[in-house]
There are 2 protein chains.
Amino acid sequence: MATSSHSLLLQNPNRALLKTPSRSILPTTHLNTLKLPTKLISIRCAATTQTQDHRPLAQTQSQDRVFNFAAGPATLPENVLLKAESELYNWHGSGMSVMEMSHRGKEFLSIIQKAESNLRTLLKIPSEYAVLFLQGGATTQFAAIPLNLVKPDEPVDYLVTGSWGDKAFKEAQKFSKAKVIWSGKSDKYTRIPSFEGLEQSPDAKYLHICANETIHGVEFKDYPTPKNGLLLADMSSNFCSKPVDVSKFGIIYAGAQKNVGPSGVTIVIIRKDLIGNAQEITPIMLEYKIHADNNSLYNTPPCYGIYMCGLVFEDLLAQGGLEEVEKKNKKKAELLYSAIDGSNGFYRCPVERSVRSLMNVPFTLEKPELEAEFVKEAAKEKMVQLKGHRSVGGMRASIYNAMPLAGVEKLVAFMKDFQSRHA
Amino acid sequence: MATSSHSLLLQNPNRALLKTPSRSILPTTHLNTLKLPTKLISIRCAATTQTQDHRPLAQTQSQDRVFNFAAGPATLPENVLLKAESELYNWHGSGMSVMEMSHRGKEFLSIIQKAESNLRTLLKIPSEYAVLFLQGGATTQFAAIPLNLVKPDEPVDYLVTGSWGDKAFKEAQKFSKAKVIWSGKSDKYTRIPSFEGLEQSPDAKYLHICANETIHGVEFKDYPTPKNGLLLADMSSNFCSKPVDVSKFGIIYAGAQKNVGPSGVTIVIIRKDLIGNAQEITPIMLEYKIHADNNSLYNTPPCYGIYMCGLVFEDLLAQGGLEEVEKKNKKKAELLYSAIDGSNGFYRCPVERSVRSLMNVPFTLEKPELEAEFVKEAAKEKMVQLKGHRSVGGMRASIYNAMPLAGVEKLVAFMKDFQSRHA
């Protein structure tokens, strides 16, 4: 039954599954967990009755959900959650939850290998790159990168377009001669500089960027060319939101908890020739070589999180891959930015238009005293986590891959209504 | 409904819930996820019919499960899995999965605070100790401990009773003057020395032990007194398996994936006065101070894993706390060791009797050529992961808190039968 549920989901790309009063979803998902070898029919009967009633079952489920605009951990695809629910107690008839599996057993090996393989397909990752599933978030990588790539006295460049790039720089100072070659701080992190005028250090071993600043909503639309050819990017908050030419980068890394899974998994995509030169003071868990040599199984990895990422990767492939995902993300972002820009200044987005993030949309109200009311009323309408980061204030709508278009449409309608009542 | 499900579990200590043909479990668990505001009765009817039939519903569910003797990730309590399943899609009516919650939102804050509070109750953790929920496994702590507690030229002692203690020592050498004051290696890690004869370094800043060696099955039954008063213990594989006097320790740390949750969560219990002296080269994610100052929310924690640990802590409290849990663990271990010792040498456990682990039971066969057959036949009987660690061979049965007595009884019966056929 697990297999049939699986293929069913794949056959229903745009989560249409949940909007169709299909009788497949109930028996498959829930009877899977009921585990009644006999008299199964009594339950099936009930489920079938619902379908015959043409009640909007899936819509009712969806209506139970809030639209969650959190910056991460963030909303996950509803069909991925339903699949996880259906498999939680007993994965594919193994008699175990994925949470109980030995990380060295054949069941989990199949899960992690499939997750890696699907991610490689999604991002067209060249074979010269290793894919690592690690722990500790992007913040751990802020240290791991200089520790693995350079010596303490070697220069490295940081292009700082927001709080996360700044944190990466500060951590790198402990382990390298890190330099900020450009910072958007004086402009409150609202823009990205022209790459032509960038004064890179002549002997910098790498250039680090944060490809999408979660707090400030600034996103690179193309990438600078570092002098020595090594570009590194923190893609935590726009990972797998659009196609990326991996071959342009030495390392791409991302916490999973925005676009591809729950928190607790960090994905590192690293060119293999960069592995194996860690400083002596590198804690073993921060050494890329040990993880690459052991296929991310040097010690016990965050198995369940990796499993969830795998389900999300399947879902993204089923949607048609990252080209299709990007189209949807652009449509959602355009809708929201248009509403802000068309509000005659009632709503304002401080970010320069050409580098506005498709993922995180910060905005303020002309009358800041209304912001608390805005957040409160939105929550009543089941749109939550719209408050801006505590360091910048205002509002922020994070509209990751898994935010349905309907969520953005509802937010935009609410914004217009709120404006009409408060302008 | 979530609340009623919750209290139901608490009312059913020894997972009797699953062995009773109670009608509560089905409607509560599964209708929770069905989310049918209308015509709920049609499903309830089906479920009720089963109960009226007195079919052994819960036993049927249990029979679907294997007995999983893996060393970690390991078996979890069945009622915890069912509760997680019932809450996965929509936690307590929040309209979100726990996996989707902002780690700074009120919902997740209530989860992590309750988890910490219940753990404090379970282990009677004094208020002078901080409880941290981290990432990276015990292996990350092997570095974090010397990095946070001593300077690079300061001496520290390691008492090595197995592979994990040895790994901790090797990592500590990078960041301190670490010394092995006793090693069981020449005895193949089968014993623990008398504490009286231990030659501790006179100026060692701490004494580190691994309280239970997962691979070798050696467990401290009491603890040495370090010269300067600071005892540190890796309790990954016997954490929360019995009462522990926390006040004897400077730090207790444990990966969750043996007794208290899925992999991806590391729990550190640390005396607060030890926090705040990290070496300058400490990556920020390995600094205890940053995590203590931020209540484990400096960056995004492994939220879902922490939630699962919280469910397990509730379950352990409902069982009557760690005194009761220890009684059950002793009973299981005695049953298994008796079977080994009473086999006239057909099965052998190499570990000295006084320090045999209640959690990990390694054993060999008199005829090693039968070991593969043993593992294969056991798997056919739905007893899995009995193969010993690749570094030592033989067999190993890990019988953590969540392994039901029935699992050990079944294993022992199988062992006797296997012996009768192969002796």
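Calculation criteria
- Residues numbered from 1 in each chain as written.
- Chains lettered and ligands numbered in written order.
- Predicted model: local features only at pLDDT ≥ 70, side-chain atom pairs only at ≥ 80, totals over all residues.
- Heavy atoms only, no water.
- Helix = DSSP H or I, 4+ residues; strand = E, 2+ residues; numbered from the N terminus.
- Buried < 20%, exposed > 50% of the residue type's maximum accessible area, 1.4 Å probe, protein only.
- Contact = heavy atoms within 4.5 Å.
- Areas by Shrake-Rupley, 256 points an atom, 1.4 Å probe, with all protein chains shown as cover.
- Domains from an automatic or database assignment.
- Buried area = accessible area lost by both parts, 1.4 Å probe.
- Core = buried A, V, L, I, M, F, W, Y, C linked by side-chain atoms within 4.5 Å.
- Pairing = 2+ DSSP bridges.
- Axes fitted to C-alpha atoms, helices over the stretch in contact; angles between N-to-C directions.
- Expected span 1.5 Å × (residues − 1).
- Bend = angle between axes of the 7 residues up to and from the residue.
- Phe/Tyr/Trp six-rings, centres within 6.5 Å; stacked < 30°, edge-to-face > 60°.
- Parallel < 35°, antiparallel > 145°, perpendicular 65-115°, else oblique.
- Left-handed = near helix turned anticlockwise from the far one by under 90°.
- Nonpolar A, V, L, I, M, F, W, Y, C, P; charged D, E, K, R; others polar.
- Salt bridge = Lys/Arg side-chain N within 4 Å of Asp/Glu carboxyl O.
- pLDDT = per-residue confidence, 0-100.
- Polar contact = N/O pair within 3.5 Å; in protein donor to acceptor, adjacent residues only side chain to side chain.

### Description of the overall build of chain A
Then step 1. Within chain A, the secondary structure is distributed over 13 helices and 14 strands.
Then step 2. Scored against the burial criterion, the 423 residues of chain A give a buried share of 65%.
Then step 3. Put simply, of all contacts in chain A between residues at least 6 apart along the chain, 69% involve residues at least 24 apart.
Then step 4. Accessible area for chain A stands at about 15,600 Å²; split by element, carbon and sulfur atoms hold 51% of it.

### Points about the domain arrangement of chain A
Many descriptions give the size of an interface as the accessible area lost when the pieces come together.
All names here are of chain A.
Then step 1. Splitting chain A by domain gives domain 1 (67-72 + 321-421) and domain 2 (79-319).
Then step 2. Taking only C-alpha atoms, the centre of domain 1 and the centre of domain 2 are 26 Å apart.
Then step 3. Contact residues are listed per partner, giving 27 residues for domain 1 and 27 residues for domain 2.
Then step 4. Across the interface of domain 1 and domain 2, roughly 2,300 Å² is buried in total on both sides, 54% from carbon and sulfur atoms.

### Considering the nonpolar core
Then step 1. A:Phe239, A:Tyr304, A:Phe374, B:Phe239, B:Tyr304 and B:Phe374 are the most contacted members of the largest nonpolar core, which has 198 residues in total.
Then step 2. Residues within four places of A:Tyr304 in sequence aside, it is in contact with A:Ala84, A:Leu88, A:Val98, A:Met99, B:Leu88, B:Met99 and B:Tyr304.
Then step 3. Residues A:Phe175, A:Tyr253, B:Phe142 and B:Tyr206 belong to the second largest nonpolar core, which totals 70 residues.

### A closer look at the sheet that holds strand β12 (residues 360-365) of chain B
Strand pairs in the sheet, formed through backbone hydrogen bonds, run parallel or antiparallel to each other.
Residue and element names in this part refer to chain B.
Then step 1. Pairing is antiparallel in the open sheet, where 3 strands are placed in the order β11-β12-β14. Looking at strand neighbours, the two that pair on one side only are β11 (347-348) and β14 (395-398), the edges of this open sheet.
Then step 2. Taken strand by strand, helix α12 (residues 371-380) contacts β11, β12 and β14, and its axis lies near 130 degrees from that of β12.

### Here's the deal with the environment of B:Gln173
Then step 1. Here B:Gln173 shows up in the loop between α8 (163-172) and β4 (177-183).
Then step 2. Along the backbone, B:Gln173 and B:Arg390 are 217 residues apart, and their C-alpha atoms lie at a distance of 26 Å.

### Digging into helix α7 (residues 137-149) of chain A
Residue and element names in this part refer to chain A.
Then step 1. Between its first and last C-alpha, α7 extends 18 Å over 13 residues, near the 18 Å set by a 1.5 Å rise per residue.
Then step 2. Taking the largest bend as the criterion, α7 deviates by roughly 30 degrees, centred on Ala-143, and proline Pro-146 comes between one and four positions later.
Then step 3. Counting buried residues in α7 gives 13 out of 13 residues, a clear majority hidden from the surface.

### A word on the sheet that holds β4(B)
Residue and element names in this part refer to chain B.
Then step 1. Read from one edge of the open sheet, 7 strands run β2-β10-β9-β8-β5-β3-β4, paired in mixed fashion. Edge positions in the open sheet fall to β2 (129-134) and β4, since each of these has one partner strand only. Sheet twist, expressed as the average angle between the axes of neighbouring strands with direction ignored, equals 20 degrees.
Then step 2. Strand direction decides the pairing type here: strand β3 (residues 155-160) and β4, joined by 6 bridges, are parallel. Looking across to β4, one finds that Val-160 is bridged to Ser-183.

### Considerations on the pairing of β12(B)
All names here are of chain B.
Then step 1. With 5 of its 6 residues buried, β12 lies for the most part within the structure.
Then step 2. With 2 bridges joining them, β11 and β12 adopt antiparallel strand pairing. Note that in β12 the partner of Arg-348 across the bridge is Thr-364.
Then step 3. Relative to β14, β12 is paired through 4 bridges, and the arrangement is antiparallel. Looking at the pairing, Pro-362 lines up with Arg-396 of β14.

### Thoughts on unusual backbone geometry
Then step 1. In this model, A:Gly72 is joined to A:Pro73 through a cis peptide bond whose omega is -10 degrees.
Then step 2. Locating A:Pro73 in the fold gives a position in the loop between β1 (67-68) and α5 (78-88).
Then step 3. Phi angles above zero are rare outside glycine, and B:Cys240 is one such case at about 60 degrees.
Then step 4. Relative to the assigned elements, B:Cys240 resides in the loop between β8 (231-234) and β9 (251-255).
Then step 5. Accessibility expressed as a relative area gives 2% for B:Cys240, which makes it buried.

### Overview of the packing of aromatic side chains
Residue and element names in this part refer to chain B.
Then step 1. The final tally for this structure, using the stated rule, is 31 aromatic pairs over all chains.
Then step 2. Measuring from centroid to centroid gives 6.4 Å for Phe-142 and Tyr-253, while their planes differ by 80 degrees, and the two rings are edge-to-face. One end of the pair, Phe-142, is in helix α7 (residues 137-149); the other, Tyr-253, is in strand β9, with 111 residues separating them in the sequence. Accessibility assignment for this pair places Phe-142 and Tyr-253 in one class, buried.

### Quick look at helix α8 (residues 163-172) of chain A
Every α-helix winds through 3.6 residues per turn, so residues three or four apart in the chain are directed the same way.
Residues and elements named next belong to chain A.
Then step 1. Burial analysis of α8 places 7 of its 10 residues in the buried class, the great majority of the element.
Then step 2. Those residues of α8 lying buried are Ser-163, Gly-165, Asp-166, Ala-168, Phe-169, Glu-171 and Ala-172.
Then step 3. Its buried side turned inward, α8 meets α7, β3 (155-160), β4 (177-183), β5 (207-210), β6 (212-213) and β9 (251-255).

### Thoughts on the pairing of β9(A)
Residues and elements named next belong to chain A.
Then step 1. Extensive coverage of β9 is indicated by the burial of 5 of its 5 residues.
Then step 2. Of the two faces of β9, the one carrying Ile-251, Tyr-253 and Gly-255 and the one carrying Ile-252 and Ala-254 are both buried.
Then step 3. As paired elements, strand β8 (residues 231-234) and β9 share 3 bridges and run parallel to each other. Note that in β9 the partner of Ala-233 across the bridge is Ile-252.
Then step 4. Two elements, β9 and strand β10 (residues 266-271), share 5 bridges in a ladder whose sense is antiparallel. By the bridge assignment, Ala-254 is partnered in β10 with Ile-267.

### Quick notes on the packing of α7(B) against α8(B)
In helix packing, the relevant descriptors are the interaxial angle and the interaxial distance, both defined with respect to the helix axes.
All names here are of chain B.
Then step 1. With their axes 8 Å apart at the nearest point, α7 and α8 run at an angle of 45 degrees to one another. The pairing of α7 with α8 is recorded here as oblique in orientation. Handedness of the crossing formed by α7 with α8: right-handed. Contact residues: Thr-139, Phe-142, Ala-143 and Pro-146 in α7; Trp-164, Lys-167, Ala-168, Glu-171 and Ala-172 in α8.
Then step 2. Of the residues belonging to the contact of α7 with α8, the class tally is 6 nonpolar, 1 polar and 2 charged.

### Things to note about the pattern of salt bridges
Then step 1. A full pass over the atoms with the stated rule returns 46 salt bridges over all chains.
Then step 2. The partner of B:Glu287 in a salt bridge is A:Lys174, and the shortest N-O contact between them spans 3.9 Å. With one member in each of two chains, B:Glu287 in the loop between β10 (266-271) and α9 (288-293) and A:Lys174 in the loop between α8 and β4 form a pair that bridges those chains.
Then step 3. Note on A:Lys174: relative accessible area 30%, which makes it partly exposed.

### Structural notes on the packing of α5(A) against helix α10 (residues 303-318) of chain A
Residue and element names in this part refer to chain A.
Then step 1. Contact geometry of α5 with α10 gives a least axis separation of 10 Å together with a crossing angle of 135 degrees. Taken together, the axis directions place α5 and α10 in an arrangement best described as oblique. Taken as a pair, α5 and α10 cross one another with a handedness that is right-handed. Residues Asn-79, Val-80, Lys-83, Ala-84, Glu-87 and Leu-88 of α5 form the contact with α10, whose participating residues are Tyr-304, Tyr-307, Met-308, Leu-311, Val-312, Glu-314 and Asp-315.

### Looking at the environment of A:Lys179
Then step 1. By the element assignment, A:Lys179 lies in strand β4.
Then step 2. Sequence separation of A:Lys179 and A:Phe169 is 10 residues, and the distance between their C-alpha atoms is 7.6 Å.

### As for the confidence of the model for chain A
Then step 1. On average, chain A scores 88 in pLDDT, and the residues at 70 or more come to 85%.
Then step 2. This prediction of the complex comes with two scores: 0.88 for pTM and 0.88 for ipTM.

### Considerations on the environment of A:Asp157
All names here are of chain A.
Then step 1. Note on placement: Asp-157 falls in strand β3.
Then step 2. C-alpha separation for the pair Asp-157 and Gly-345, spaced 188 residues apart in sequence, amounts to 38 Å.
Then step 3. Residues contacting Asp-157, with those up to four places away along its chain left out, are Lys-179, Ile-181, Gln-200, Ser-201, Ala-204, Tyr-206, Leu-207 and His-208.
Then step 4. Only 2.6 Å separates the side chain of Asp-157 from the side chain of Ser-201, close enough to count as a polar contact.

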